[in-house]
Amino acid sequence: MPLAFNSLSHGTIPFGFFNVATDLVLLRDHFVFASDLCDWIGEWASAHGDIDETRPVWVIRQQRDIGHLHGAINGVDHSGLIGEFYRRYPFPESPEDFAQDPEGHRMRPEAEDILVGIAGLPLPIPIAISALTRKIRIGPYEFDAEGFAALVLYLWRGGMPRWRADVHPEYVDRMMGHLRSAESPAFKGREWPG
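Residues numbered from 1 in each chain as written. Predicted model: local features only at pLDDT ≥ 70, side-chain atom pairs only at ≥ 80, totals over all residues. Heavy atoms only, no water.

(A) The arrangement of the overall build of the protein in detail. A tally of regular secondary structure across the protein gives 7 helices and 8 strands. Since a compact globule built from 194 residues should have a radius of gyration of about 16 Å, the 16 Å found for the protein is in line with a globular shape. With respect to the three principal axes, the spread of C-alpha positions in the protein is 50 × 35 × 30 Å. Burial status across the protein gives 48% buried among its 194 residues. For the protein, restricting intrachain contacts to residue pairs at least 6 apart in sequence, the fraction spanning at least 24 positions comes to 62%. Carbon and sulfur atoms make up 51% of the accessible area of the protein, which totals about 9200 Å². Between the centroid of the 18 positive side chains of the protein and the centroid of its 27 negative side chains there is a distance of 4 Å. (Helix = DSSP H or I, 4+ residues; strand = E, 2+ residues; numbered from the N terminus. Rg over C-alpha atoms; globule rule 2.2 N^0.38 Å. Buried < 20%, exposed > 50% of the residue type's maximum accessible area, 1.4 Å probe, protein only. Contact = heavy atoms within 4.5 Å. Areas by Shrake-Rupley, 256 points an atom, 1.4 Å probe, with all protein chains shown as cover. Lys, Arg positive; Asp, Glu negative; His and termini not counted. Charge placed at Lys NZ, Arg CZ, Asp CG, Glu CD.)

Laid out in structure tokens, this is it:
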């Protein structure tokens, strides 16, 4: 489930997985596959200087098109993107089945079809990382190094409720490997798990 995280630009915002069957994560109104995001973070960690680039991300501006998490979980509101995922992949009946699927990236083709049907094609959004200030900006959302590290550690854990059987997807382990040997000042000098 998405949790609240502190940003420099927008105060507290939601970030995280919203359905245990997919590796799609939301950053407020931006949607990206965790497998892509982890690969990007690994690349950013290896950079020696500033980063100023764009990356493709789905943006859904209207709340009705995003959907309502709690209504979808309870099976009473299948509107928007979140509702469509819960219509196809309902909340697990058994509490022990409430765990993030480490194979969720395998359903990406179906997840992309749902995304394109609601949000259209992904948009190139600006990414900026300052080696001097250690600030990370994804689209309009800016984080200090500590705030962004909290997002990274969420991905490492598999969010809430965590990865099923504590098995990390390969892309998460690969990201952490890059972070442990980070060159970028925004990520360097921290004890990353792994």
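Next comes the rest of the write-up.
(B) Structural view of the packing of helix H1 (residues 34-45) against helix H6 (residues 145-157). Their axes nearest at 11 Å, the elements H1 and H6 cross at an angle of 130°. With respect to their mutual orientation, H1 and H6 come out oblique. Between H1 and H6 lies a crossing of left-handed hand. Counted together, Ala34, Leu37, Cys38, Ile41 and Trp44 of H1 and Phe148, Val152 and Leu155 of H6 form the full contact between these two elements. Of the residues assigned to the contact of H1 with H6, the class counts are 8 nonpolar, no polar and no charged. (Axes fitted to C-alpha atoms, helices over the stretch in contact; angles between N-to-C directions. Parallel < 35°, antiparallel > 145°, perpendicular 65-115°, else oblique. Left-handed = near helix turned anticlockwise from the far one by under 90°. Nonpolar A, V, L, I, M, F, W, Y, C, P; charged D, E, K, R; others polar.)

(C) Structural context of the pairing of strand E5 (residues 51-59). Relative to E5, strand E4 (residues 30-33) runs antiparallel, the two sharing 2 bridges. When the bridges of E5 are listed, Phe31 appears paired with Trp58. Examined bridge by bridge, E5 and strand E6 (residues 123-129) share 7 bridges and lie antiparallel to one another. Counted as the bridge partner of Val57 is Leu123 from E6. (Pairing = 2+ DSSP bridges.)

(D) Spatial organisation of the nonpolar core. Counting residues in hydrophobic clusters, the biggest one holds 42 residues, and the most contacted among them are Ile41, Trp44, Phe148, Leu155 and Phe187. Those residues in contact with Phe187 that sit more than four places away from it in its chain are Ile41, Trp44, Ala45, Ile129, Ile136, Phe148, Leu179, Ala182 and Trp192. (Core = buried A, V, L, I, M, F, W, Y, C linked by side-chain atoms within 4.5 Å.)

(E) Structural context of unusual backbone geometry. Positive phi outside glycine occurs at Arg28, with the angle close to 60°. Within the secondary structure, Arg28 sits in the loop between strand E3 (24-27) and E4. By relative accessible area, which is 38% here, Arg28 ends up partly exposed. Unusually for a residue other than glycine, Asp166 sits at a positive phi of about 55°. Of note, Asp166 is situated in the loop between H6 and helix H7 (170-180). A residue is classified by how much of its surface remains accessible, and Asp166, at 55% relative accessible area, is exposed.

(F) Highlighting the sheet that holds E6. Spatially, 8 strands are ordered E1-E2-E3-E4-E5-E6-E7-E8 in an open sheet, and the strand pairing comes out antiparallel. For this open sheet the edge positions go to strand E1 (3-7) and strand E8 (141-143), each flanked by a neighbour on one side alone. When strand polarity is set aside, the average angle formed by the axes of neighbouring strands in this sheet is 30°.

(G) Region of the structure containing empty space enclosed by the protein. Following the criterion strictly, the structure yields 2 cavities of 30 Å³ or more and no others. Taken as a whole, the largest cavity encloses approximately 90 Å³ of empty space. Lining the largest cavity, in full, are Phe15, Leu27, His30, Phe31, Val32, Leu37, Trp40, Val57, Ile138, Phe148 and Leu151. Where the lining of the largest cavity is concerned, the elements lending two or more residues are E4, H1 and H6. The greatest single-element share of the lining of the largest cavity, amounting to 3 residues, is contributed by E4. Here the residues of the lining of the largest cavity are counted per class, giving 10 nonpolar, 1 polar and no charged. (1 Å grid on protein atoms, 1.4 Å probe; cavity = no way out; pocket = protein on both sides within 12 Å on 5 of 7 lines; lining within 4 Å. Points joined across faces, edges and corners; volume = space filled by probe spheres on them.)

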